[in-house]
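What the coordinates show
Each chain, letter by letter, is given below.
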Amino acid sequence: MAVLGAPPPDLKCRPIQESDWDKVVDCLRRGFPMRSRNYWKQALTRLSQRPAVDDFPRYGFALETSERIVGVVLTLYARYQGDEIRCNISSWSVDAAFRPYAMKLIWPVLKRRDVTYTNISPAPSTLNANKALGFRLFASGQFAFLPALSPAQPTCRVLEVRPDLAEMVMLSDSERYILLEHAALGCLSLICIRDGMAVPLVLRSRRILHGLVPCSQIVYCRSLTDLSRCAGAMGRFILRRGTLLCLVDANEPVPGLLGRYFPRKGLKYFKGPKPPSPGDLTFTELVIFGP
């Protein structure tokens, strides 16, 4: 067994290669036994299908010794408006005997100061490490709401996104890209037309309370104010599809939405120059890997 202060001489951190997939899945299964082998295989497959961002690793990093992978961190890179790059750090898992060297796995990921890093599902045991690494909260709670009970303007329309939808020209290039890419990844991408303006929204189906309660997580909205203004029309649209409850990350109760704020639930962290807004989970593990 490895001893703190005396790492194995061949212990190294290196980018994950496609040839490593079986060993990577084995390591992730040890760290996250509630997730199936197929889940992790699908996660890696989806990463392989995402567009490469500059020279960043496609999958993440592995901690290796004696040709065994004993630690894994997956990295989901995406380019946003202009030159902004984000990296969602996901699935950080190190075998128990090598946890004293876990930082050796994460330091290569965090070396770029021009990248904004996010951690949207930190394990309670990693919160102190998050703070030590310089991560800060961008969402300190979650707001559960019933959008169908919000008032809706009679002239407000909600449209499901498709490539040939005429109203897509009302959005910026970056928002059209977000809507179409997330629709292809299994999200519900919508445009709300109100007062002659188009408001983009992306939702992801998931289950909460031990998988018993279906709901929709807000993956993208320009602002919580926009979400509130369109909630009634959006709620009636998704109610016809059988969804009543929605969740959105927030730092306080959201004015105009009928629901309840849960502080310290679903904590979301970031490190870097441009913190995401609450309600922006685009291109994160929730979308690419699934709930």
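It should be noted that the structure appears before, not after, this text.
As a starting point, this report considers the structure included with it. Being a predicted model, the structure only gives us computed values, none of them experimental.

Here's the deal with the overall build of the protein chain
Helix and strand counts for the protein chain stand at seven helices and 12 strands. For 291 residues, the compact-globule formula gives about 19 Å, and the C-alpha radius of gyration of the protein chain, at 20 Å, lands near that figure. Its C-alpha atoms give the protein chain principal-axis dimensions of about 70 × 35 × 35 Å. Expressed as a percentage of its 291 residues, the buried residues of the protein chain come to 52%. If you take every contact in the protein chain between residues at least 6 apart in sequence, the share linking residues at least 24 apart comes to 71%.

A word on the packing of aromatic side chains
Considering all chains together, one arrives at seven aromatic pairs under this definition. Taken together, a centroid distance of 4.4 Å and an interplanar angle of 20 degrees make the contact between Phe56 and Tyr77 stacked. Of this pair, Phe56 sits in the loop between helix H2 (37–49) and strand E2 (60–65) while Tyr77 sits in strand E3 (residues 68–79), placing them 21 residues apart in sequence. For Arg86, the ring lying beneath its charged end belongs to Tyr80, and the centroid distance is 3.9 Å.

Describing the pattern of salt bridges
Counted according to the given criterion, the structure contains 18 salt bridges. A single salt-bridge network, built from bridges that share partners, covers Lys12, Arg14, Asp20 and Glu64.

Here we look at the packing of helix H1 (residues 21–31) against H2
Two elements in contact, H1 and H2, have axes separated by 9 Å at closest approach and are oriented at 130 degrees. Classed by the angle they form, the pair H1 and H2 counts as oblique. Helix-helix and strand crossings are classified by hand; for H1 and H2 the assignment is right-handed. Of H2, the residues touching H1 (which contributes Trp21, Asp22, Val24, Val25, Asp26, Leu28 and Arg29) are Arg37, Trp40, Lys41, Leu44, Thr45 and Ser48.

Brief notes about unusual backbone geometry
The backbone of Leu209 sits at a positive phi, close to 55 degrees, despite the residue not being glycine. Within the element layout of this structure, Leu209 appears in the loop between strand E9 (197–208) and strand E10 (213–221). Taking the relative accessible area as the measure of exposure, Leu209 reaches 57% and is therefore exposed. One non-glycine residue, Arg264, lies in the positive phi region at around 65 degrees.

A look at the sheet that holds strand E6 (residues 136–145)
Within a sheet, neighbouring strands are paired by backbone hydrogen bonds and run either parallel or antiparallel to one another. One open sheet holds the 12 strands; their spatial order is E1-E2-E3-E4-E5-E12-E6-E11-E10-E9-E8-E7, and the pairing between them is mixed. Sheet topology places strand E1 (12–15) and strand E7 (157–160) at the edges, where each strand pairs with a single neighbour. Pairwise comparison of adjacent strand axes, ignoring direction, gives a mean angle of 30 degrees for this sheet. Here strand E4 (residues 85–94) runs beside strand E5 (residues 115–119); their pairing, made up of four bridges, is parallel. When the bridges of E5 are listed, Arg86 appears paired with Thr116. Across the sheet, helix H5 (residues 173–184) lies against strand E8 (188–194), E9 and E10, angled at about 30 degrees from E9, the strand it touches most.

Overview of the environment of Arg206
Looking at the secondary structure, you find Arg206 in strand E9. By relative accessible area, Arg206 is classed as partly exposed at 24%. Setting aside residues no more than four positions away along its own chain, Arg206 makes contact with Gln142, Val213, Pro214, Cys215, Gln217, Leu247 and Pro291. Within the local environment of Arg206, its side chain forms a polar contact with the side chain of Gln217, the two groups lying 2.8 Å apart.

A short note on the pairing of E2
Of all the six residues making up E2, six are buried; the element is thus mostly covered by neighbouring parts of the structure. Sheet topology places E1 next to E2; four bridges connect them, and they run antiparallel. Its bridge partner being in E2, Cys13 is matched across the sheet by Leu63. Here E2 pairs with E3 via six bridges, running antiparallel.

Observations concerning the nonpolar core
Counting 41 residues, the largest nonpolar core has Val72, Leu74, Ile191 and Phe289 as its most contacted members. At the level of elements, H1, H2, E3, H5, E8, E9, E10 and helix H7 (285–288) are the ones that each hand at least two residues to this core. Not counting residues up to four positions away in its chain, the partners in contact with Leu74 are Ile16, Leu28, Trp40, Leu44, Tyr59, Gly60, Asn88, Ile89, Ser90, Ser91 and Phe289.

Considering the pairing of E9
Note: E8 against E9, seven bridges, orientation antiparallel. By the bridge assignment, Ser189 is partnered in E9 with Val202. Taken together, E8 and the strand that follows it, E9, pair antiparallel across an intervening segment of two residues, in which Asp195 is found at a positive phi of about 55 degrees. A loop of four residues connects E9 with E10, the two strands running antiparallel in sequence, and Leu209 in this loop sits at a positive phi of about 55 degrees.

Cut-off values and rules
Residues numbered from 1 in each chain as written. Predicted model: local features only at pLDDT ≥ 70, side-chain atom pairs only at ≥ 80, totals over all residues. Heavy atoms only, no water. Helix = DSSP H or I, 4+ residues; strand = E, 2+ residues; numbered from the N terminus. Rg over C-alpha atoms; globule rule 2.2 N^0.38 Å. Buried < 20%, exposed > 50% of the residue type's maximum accessible area, 1.4 Å probe, protein only. Contact = heavy atoms within 4.5 Å. Phe/Tyr/Trp six-rings, centres within 6.5 Å; stacked < 30°, edge-to-face > 60°. Lys NZ or Arg CZ within 6 Å of the ring centre and 35° of its normal. Salt bridge = Lys/Arg side-chain N within 4 Å of Asp/Glu carboxyl O. Axes fitted to C-alpha atoms, helices over the stretch in contact; angles between N-to-C directions. Parallel < 35°, antiparallel > 145°, perpendicular 65-115°, else oblique. Left-handed = near helix turned anticlockwise from the far one by under 90°. Pairing = 2+ DSSP bridges. Polar contact = N/O pair within 3.5 Å; in protein donor to acceptor, adjacent residues only side chain to side chain. Core = buried A, V, L, I, M, F, W, Y, C linked by side-chain atoms within 4.5 Å.

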